[in-house]
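Residues per chain are reported as follows:
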Amino acid sequence: MTDEGLAMQQDEVLDDDATSTDSEGGESSAAVHEEAELSKEEKTKAKLKEAVITRKEDLGSLRMKLTITVPPETIHEIMSDEFAELKRDALIPGFRKGHAPMRLVEKRFATDVGEQLKSQLVANGYFAAVDKENLKPLGDPLFRVTVPQEAKEGQPSAPGTVEKLLPITEALEHVTLPKSGPLTFACEVELRPELELPELKGIPVRKPTIQVTDADVDAEMRRLRMHRATFQPVEEGGVELDDMLYSDMTICVEGREIVKETDFEIRAGNGYVRGLYLEGLGAALRGRRLGDVVTVQAKGPDDHENLELRGKAAEVAFTIREIKRLVVPPWDDEQLERFGCTTEAELRELVRGAQERGLESRAREAAHEQIAQYLLEHTQFEIPGGLSQRQAEQTISRRKMQMYRQGYPEAEIEKWADESRGRALEQAVRDLKVFFILEKIAEDRKIRVSEEVINSAIASMAKRAGKRFDRMRDELMSDNRLSALYLEVRDEAVFDALLAEAAVEAAEPGAANSVVEST
Amino acid sequence: MDIYHIIKRPLVTEKGTHQSQGSQAATRTKPARGGAYTFEVHAGASKPEIKQAIEKIYNVKVRAVRTANHEGKRRRYRFKIGKTSDWKKAVVVLHGDYHIDLF
């Protein structure tokens, strides 16, 4: 999801929260002051919207250059308003509050007001121009400013200036408010893509009929019982695959004993023993009894830690001393009670229900994926290059950070990053396209997610994580993940709405897994 | 005394601003109003010295000078009792055609 796109949504989600925390102090002076500030800013915006002159220049690939001019009379008007307000509250020695002459106030606060006015004019001027021209920008604009050329290391300071694109916080340092005449500044902005939605009714979707067989339930029941399984000694009978054996083990090379161990634990099956891969061990052990000696041939790898085994043919012998087998206990009342059941049949039904729900949810996800694919194939539009690039870089840098923390060598991380760049970009473009399409559908169909739905999603997340609801919500808010959750829930709602109108073709019950896996 | 030692600083206050604004001529019962500027001056400076200093520094014509000696205020810091300096205020009335830009 785009970070830029999230911000607006997040504000909407968080707005309600802000109002609720303000309950007691709703009529406090702070709130009144805030309101007055807001209306003042709105007034400024309205003035600017009427006055700004904007020149648009298409830079291609959904980028636009805006040259915005604020006329001198508007600057003067806004400045006068600022000073008039300041005069009311200014505390100047020798004067009562609000009684200082305007000229003195102007002189004393000229620098502060000038700075404030500059940022106000640039920021609000941009918004006013965007509003006036009915543009739909994506993210924050970059301002084109002229900055002094940086001197290279070891060289005297380079004369001249250079044009740069900077975010507003940095750009403001290089913008000067003219003493007379208009304020002109230029910025570049990425625009939200315009797209035409395809026919959304009857999207072809293959959705498997969900059917859980007795064998599936049996397997799950056995898996649940396995939690309580224990290894029990086998007194009679031979070794079976996956038994646990305790034996005396020797490794000999050319008749010389290299390794000798007693009570050596080994699983009955092929595998590694002291760095040697024993190919036929499983077959050799099968059916053997206590006291039997089993010998297997192996070849030491060229880089074996023991020099005597390196590249040599070795003979590994096991004298079986003890055989243990995993015994799965039958269901008892205590075990059943843990699942809230009284009989095994009841638990089977519970398991069946859970499996059906799991399959249903996977099938739904698969259907959503098919819808997303259809939407991508039938909607042609361009994504701003910078945005997809940033998105891909973000994904890569996140993954790189993970790899650093996992202790991967730097060279390997960089190699991975270089290889993944293309893939990540492709994925970013796809994700962004799906995001914009779903956003457009949600906008057209007025699909909104209420606070109750968000809260219930948080509640179920909290339940799964074993946390309290309010703590989970706080965590999501502090991590800025609430907006992502909002979008996820909204996307689900959009997909469900499309799925309700889709031409669903029922796949064979047996094909459930294959449809789910193929998508 | 140097003229720049006579005039210490202009006093920019609400009252002073009022006195400087407006230009009402004197009547039989009321003195002239407006065109009067307030300064802190050297405590030992006389009215003619103040007049001369103002005329030279601000290039104006002074009609009258009124002065007032202000006794310093008592101040206490912990157990010590002290006093701020005494100072002198001068209200300088200019001729109608002149004006001083104090701020």
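Above this text you will find the structure in question.
Notes on the structure in this doc start here. (Residues numbered from 1 in each chain as written. Chains lettered and ligands numbered in written order. Predicted model: local features only at pLDDT ≥ 70, side-chain atom pairs only at ≥ 80, totals over all residues. Heavy atoms only, no water.)

**Concerning the overall build of chain A**
What counts, and what does not: Numbered from the N terminus, helices here are DSSP runs of H or I no shorter than four residues, and strands are runs of E no shorter than two. Any residue under 20% of the maximum accessible area for its type is buried, any over 50% is exposed, and the rest in between are partly exposed; the area is computed with a 1.4 Å probe on protein chains only. By the convention used here, residues are in contact when the closest approach between their heavy atoms is within 4.5 Å. In short, Shrake-Rupley with a 1.4 Å probe defines the accessible areas, and a residue's cover is counted only from the protein chains shown.
Each helix and strand in chain A was counted, giving 15 helices and 14 strands. The buried share of chain A, reckoned over its 519 residues, is 36%. Looking at chain A alone, contacts between residues at least 24 apart form 70% of all its contacts between residues at least 6 apart. Of the accessible surface of chain A, which amounts to about 31,000 Å², a share of 49% is contributed by carbon and sulfur atoms.

**Structural notes on the pattern of salt bridges**
Residue and element names in this part refer to chain A. Definition in use: The rule for a salt bridge is simple: a side-chain nitrogen of Lys or Arg has to be within 4 Å of a carboxyl oxygen of Asp or Glu.
All told, the structure shown has 35 salt bridges over all chains when counted by the stated rule. For R223, the salt bridge identified is with E220, shortest N-O distance 2.8 Å. Here R223 and its partner E220 are both found in helix α6 (residues 214–226), 3 residues apart, which amounts to about one turn of the helix. Owing to a relative accessible area of 45%, R223 belongs among the partly exposed residues under this scheme. Sharing partners across several salt bridges, the network here consists of R63, R144, E163, E188 and E190.

**Here we look at helix α4 (residues 102–132) of chain A**
Since the α-helix packs 3.6 residues into each turn, any two residues three or four apart lie on the same face. Keep this limit in mind: One less than the number of residues in a helix, times 1.5 Å, gives the span that helix is expected to have. A residue's bend is given by the angle between axes fitted to the 7 residues ending at it and the 7 residues starting at it.
Counted at 1.5 Å a residue, the expected span for α4(A) with its 31 residues is 45 Å, but the 34 Å between its end C-alpha atoms falls short. At F109(A), α4(A) shows its maximal bend, which comes to roughly 70°.

**Section: the interface of chain A and chain B**
Heads up, the condition is: Two parts placed together each lose some accessible area; with a 1.4 Å probe, that loss summed over both constitutes the buried area.
The interface is formed by 9 residues belonging to chain A together with 6 residues belonging to chain B. Summed over both partners, the interface of chain A with chain B buries about 710 Å², with 56% contributed by carbon and sulfur atoms. Here chain A is connected to chain B by 2 salt bridges. Among the salt bridges present, the one from E14(B) reaches R96(A), with a minimum N-O distance of 2.5 Å.

**Some thoughts on the sheet that holds strand β6 (residues 87–94) of chain B**
Residues and elements named next belong to chain B. To keep it simple, the criterion reads: When DSSP finds two or more bridges between a pair of strands, those strands are recorded as paired. To get an axis, fit a line to the C-alpha atoms, keeping to the stretch in contact for a helix; angles then go from 0 to 180 degrees between the N-to-C directions.
Here we have 4 strands laid out as an open sheet, ordered β1-β2-β6-β3, and antiparallel in their pairing. Only two strands of the sheet have a single partner each, and these edge strands are β1 (7–10) and β3 (62–70). Averaged over neighbouring strand pairs, the angle between their axes works out to 30° when direction is ignored. Bridging between β3 and β6 involves 8 bridges; their strand directions are antiparallel. Looking across to β6, one finds that A64 is bridged to V93. Contacting β1, β2 (36–41), β3 and β6, helix α3 (residues 47–58) runs over the sheet at an angle of about 120° to β3.

Structural measurements only, silent on function.
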